Amino acid sequence: MTAAFHLFRHDLRLQLRHGTDLVAPIAFFVLATLLVPLGVGPEPNLLARLASGVIWVTALLATLLALDRLFQRDFEDGALDLMALAPLPLELTVIAKVAAHWVTTGLPVMVVAPILGVMLRLDTNSFLTLELSLALGTPVLSMIGAFGAAVTLGARRGGALLAVLVLPLYIPILIFATSAISAAGEGLSPRPHLLLLASFFVGGIVLIPFAAAAALRNALE
Amino acid sequence: MTTMPPNRFAGVDLACRRSERLVFTGLDFAVEAGGALLLTGPNGSGKSSLLRVMAGLIKPYIGRLEHSGASLADDPAHHRELVAYLGHQDAIKPMLTVAESVRFWAGIRGHEHLAEAALAAMDLTALRDLAGRFLSSGQRRRAALARVIASGAPIWLLDEPTVGLDTRSIAGLEASLAGHRASGGMVIAATHAPIALPGATTLDLAAFDVRFADEADAA
């Protein structure tokens with residue numbers, strides 16, 4: 001367990017040293033969201049209706065942007081070999097790396113999302129649900145992404161393949177997250193949707209490490 | 001950590017398949033505590049593949065690896081604690097300093113206290129605060145070797161350890177290898193360059209190459 005934490009800190013430090021790694025996804029998230037009012041016009045009711053969907057779709061694409069670096073660099077420079085040979089199981093390595101990925105993508109998205117919500121005139125009742133849905137949903141995006149990144153590891157033009165593989169798997173998260181937010185906006189309880197998101201989170205944390213670790217072992221053979 | 005150093009590391013009737021090609025078959029090897037094994041053979045004869053099999057990164061197609069007579073497949077986690085692997089790549093991060101890299105890899109095995117001595121052994125003390133991206137290829141190789149030394153593992157698997165090293169660093173490496181063996185460790189190295197491994201057994205992989213066997217069958 002200490003080894004996993006050690007690896008988490010190491011990954012985090014690496015990403016903090018690469019300034020662009022940290023800035024690029026969140027800058028993409030903000031800019032892409034800003035483009036929507038420019039494209040559809042500033043009509044408040046229209047923006048309010050689009051807000052939750054726009055924030056979630058761009059958040060989803062922002063996490064995708066950072067995925068290819070999750071294992072690719074370690075694979076190319078031989079570090080992944082050494083991680084596979086470290087005393088901690090590869091499954092824990094996956095969890096540590098997913099956690100570091102979330103801290104540098106999902107967490108900043110959660111911090112910035114309310115500001116964008118205000119700008120897009122998101123319903124006042126929906127803000128708490130927006131944050132809850134992001135808190136439950138973005139870790140799942142990181143987990144599914146880690147699985148995709150592990151499967152496409154070593155493939156030529158893996159980036160495009162990764163997007164094609166991962167985006168369909170993101171659909172359920174997107175549906176339940178945005179329906180939670182619109183339910184809250186209409187004065188209904190977002191609870192069932194959030195509970196479904198929580199079930200994805202729990203299912204992901206149980207299954208994804210094994211699937212991703214198996215894919216990594218296969219890539220290293 | 002309960003790392004009981006094995007007194008014998010051996011492979012029995014090993015075969016390795018890479019995609020559709022059998023790289024070697026019927027290969028046996030054994031190394032005793034304090035011993036060394038030198039892998040030789042032409043390019044593509046499977047030296048690197050054999051080292052990856054020994055490390056546990058590739059499952060042998062046929063055959064098995066043993067520690068002191070116990071099959072390794074029964075306890076892969078134990079095996080991971082026993083081996084330190086140096087591949088073709090150095091795994092030195094451009095944004096981390098030499099000392100940070102070596103400390104990280106030592107720390108993940110719970111041996112962070114070994115890092116300083118390892119840096120000194122590879123003559124890296126003066127470079128310790130230099131970021132990886134400023135290192136020459138020989139310096140990167142030395143940092144990777146320091147990582148192996150700091151692993152605290154009894155079995156060192158070295159793939160071309162001397163690539164890019166100057167004569168002085170090679171002498172330093174030879175001293176470290178001798179010290180490791182004197183304390184009961186094992187060294188298995190694949191190399192084309194001459195390296196002093198007194199009393200090492202030499203294993204020529206050309207002898208197990210299937211292509212030669214095919215020719216023999218044809219004749």
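Up top you'll find the structure we're talking about.
### Quick look at the overall build of chain A
- The helix and strand tally for chain A stands at ten helices and zero strands.
- Here the C-alpha atoms of chain A give a radius of gyration of 18 Å, agreeing with the 17 Å that 2.2 N^0.38 yields for 221 residues.
- Along the first, second and third principal axes, the C-alpha atoms of chain A reach 55 × 35 × 30 Å.
- Within the span of chain A, comprising 221 residues, buried residues form 48% of the whole.
- For chain A, the proportion of contacts with a sequence separation of at least 24, taken over those separated by at least 6, is 81%.

### Considerations on the overall build of chain B
- What chain B contains, in helices and strands, is seven helices and nine strands.
- A principal-axis box enclosing the C-alpha atoms of chain B has dimensions of 60 × 35 × 35 Å.
- A buried classification covers 47% of the 219 residues belonging to chain B.
- The long-range share in chain B, meaning contacts at least 24 apart out of those at least 6 apart in sequence, stands at 74%.

### Some words on helix α10 (residues 191-220) of chain A
Residues and elements named next belong to chain A.
- An ideal rise of 1.5 Å per residue puts 44 Å on 30 residues; α10 measures up with 42 Å between its terminal C-alpha atoms.
- Along α10, the helix axis deviates most sharply at Leu207, where the bend reaches about 35°; the proline Pro209 sits within four residues downstream.
- For α10, the elements touching its buried residues are α5 (79-85), α6 (90-104), α8 (127-151) and α9 (158-185).

### A closer look at unusual backbone geometry
All names here are of chain B.
- With phi around 50°, Asp13 is a residue other than glycine that occupies positive phi space.
- Relative to the elements of secondary structure, Asp13 occurs in strand β1 (residues 8-18).
- Residue class for Asp13 comes out exposed when judged on the 12 C-beta atoms lying within 10 Å of it.
- In this structure, Asp123 is a non-glycine residue whose phi angle is positive, near 60°.
- As for its placement among the helices and strands, Asp123 is situated in the loop between α4 (115-121) and α5 (137-149).
- The exposure class of Asp123 is partly exposed, given the 16 C-beta atoms found within 10 Å.

### Thoughts on the sheet that holds strand β9 (residues 201-204) of chain B
Residue and element names in this part refer to chain B.
- Spatial strand order, β6-β7-β8-β3-β9: five strands in an open sheet with parallel pairing. Across the chains shown, the open sheet's two edge strands, defined by having one partner strand only, are β6 (83-86) and β9. Strand-to-strand, the axes of this sheet are offset by a mean angle of 15°, without reference to chain direction.
- As judged from the five bridges shared by strand β7 (residues 155-159) and strand β8 (residues 186-190), these two strands associate in the parallel manner. Within the sheet, the bridge partner assigned to Leu158 lies in β8 and is Ala189.

### Remarks on the interface of chain A and chain B
- Each partner contributes to the interface: chain A provides 18 residues, whereas chain B provides 21 residues.
- At six residues, helix α1 (residues 2-17) of chain A tops the list of elements feeding residues into the side of chain A that touches chain B.
- Among the residues making up the side of chain A that touches chain B, the classes are represented as ten nonpolar, four polar and four charged.

### Notes on the environment of Gly46(B)
Residues and elements named next belong to chain B.
- For Gly46, the location among the structural elements is in the loop between β3 (36-40) and α1 (47-55).
- Among the residues examined, Gly46 registers 27 C-beta atoms within 10 Å and is labelled buried.
- The spatial distance from the C-alpha of Gly46 to the C-alpha of Ala206 is 8.6 Å, given a sequence separation of 160 residues.
- Residues contacting Gly46, with those up to four places away along its chain left out, are Cys16, Val23, Phe24 and Leu205.

### Re the sheet that holds β1(B)
All names here are of chain B.
- Read from one edge to the other, the open sheet built from four strands follows the order β2-β1-β4-β5, with strand pairing classed as antiparallel. Strands with a single pairing partner mark the edges of an open sheet, and in this sheet they are β2 (21-32) and β5 (70-71).
- Where β1 meets β2, eight bridges bridge the pair, whose relative direction is antiparallel. By the bridge assignment for β2, Leu14 is matched with Leu27.
- Taken strand by strand, α1 contacts β1, β2 and β4 (62-67), and its axis lies near 125° from that of β1.

What counts, and where the lines are drawn
Residues numbered from 1 in each chain as written. Chains lettered and ligands numbered in written order. Predicted model: local features only at pLDDT ≥ 70, side-chain atom pairs only at ≥ 80, totals over all residues. Helix = DSSP H or I, 4+ residues; strand = E, 2+ residues; numbered from the N terminus. Rg over C-alpha atoms; globule rule 2.2 N^0.38 Å. Buried ≥ 20, exposed ≤ 12 C-beta atoms within 10 Å, placed from the backbone. Contact = placed C-beta atoms within 7 Å. Expected span 1.5 Å × (residues − 1). Bend = angle between axes of the 7 residues up to and from the residue. Pairing = 2+ DSSP bridges. Axes fitted to C-alpha atoms, helices over the stretch in contact; angles between N-to-C directions. Nonpolar A, V, L, I, M, F, W, Y, C, P; charged D, E, K, R; others polar.

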